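Chain and residue survey
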Amino acid sequence: MSTALIVVDIQNDYFPGGKMELSNPEIAAANAAKVIEWFRENHNGHIFHVQHIAGDPALGFFLPDTEGAEHHETVQPLKDEKIIVKNFPNSFLNTELESQLKEKGITKVVVAGMMTHMCIDATVRAAVDLGYETTLIEDACATKELTYQNKTTSAEQVHYSFVGALQGMYAEVKSTEDFLQQKTTN
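So, here is what we can say about the structure in this document. (Residues numbered from 1 in each chain as written. Predicted model: local features only at pLDDT ≥ 70, side-chain atom pairs only at ≥ 80, totals over all residues. Heavy atoms only, no water.)

**Brief notes about the sheet that holds strand β8 (residues 172–174)**
In space, the 6 strands of this open sheet follow the order β3-β2-β1-β4-β5-β8, with parallel pairing throughout. What marks the edges here is a single partner per strand, and that holds for β3 (82–86) and β8. Each neighbouring strand pair of the sheet contributes to a mean axis angle of 25°, computed without reference to strand direction. Against the sheet, helix α4 (residues 155–166) engages β5 (133–142) and β8, with an angle of about 170° to β5. (Pairing = 2+ DSSP bridges. Helix = DSSP H or I, 4+ residues; strand = E, 2+ residues; numbered from the N terminus. Axes fitted to C-alpha atoms, helices over the stretch in contact; angles between N-to-C directions. Contact = heavy atoms within 4.5 Å.)

Right, here's the structure in full:
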């Protein structure tokens, strides 16, 4: 079985000074970089960097041709790694991601990136719906606090609520350390 890494939206606008700052994006990006490095050493060509480009300027971030839409320096794609441009939270919707995975014979995917409650949730659920065995590296993901009707939920609570909902039925959820340790002992 072939495995691919899908790195979703680790882009500058999510970092300090960006237009949609998340909680602790640096930690998530550093963990994602560790997983990327492992894949570079062990799964030639099976890394897909997903880049969200706003289809509507009203979104306010990830605007075309801006520094905020660029991949963060921590996780820069190499020249031979595939970049998938998307305009929706689901990384498979109206992109070539599924066809690229099929072309490479991929049956398992590992997902990391941003935002846990939006694009990570949508991408993990879509991957499973499409038949991929899915692992989520939870500490290589980041999100932000959310407010609804004057009730605010902390970023940590948002993150763990979505991770908890995905665990089991949709994905095997692992920390970076557990994922890398398992892979080096197998």
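**Digging into the environment of Pro 25**
Its location among the elements puts Pro 25 in helix α1 (residues 25–42). Residue Pro 25 is classed as buried on the basis of its relative accessible area of 1%. C-alpha separation for the pair Pro 25 and Leu 101, spaced 76 residues apart in sequence, amounts to 27 Å. Excluding residues within four positions of it along the chain, Pro 25 makes contact with Tyr 14, Phe 15, Pro 16, Met 114 and Ala 142. (Buried < 20%, exposed > 50% of the residue type's maximum accessible area, 1.4 Å probe, protein only.)

**Focus on the packing of aromatic side chains**
Considering all chains together, one arrives at 7 aromatic pairs under this definition. The interplanar angle of 80° and the centroid separation of 5.2 Å between the aromatic rings of Trp 38 and Phe 39 together place this pair among those described as edge-to-face. On the basis of relative accessible area, Phe 39 is assigned to the buried category, the value being 0%. Over the ring of Tyr 170 we find Arg 125; its NZ or CZ atom is 4.6 Å from the centre of that ring. (Phe/Tyr/Trp six-rings, centres within 6.5 Å; stacked < 30°, edge-to-face > 60°. Lys NZ or Arg CZ within 6 Å of the ring centre and 35° of its normal.)

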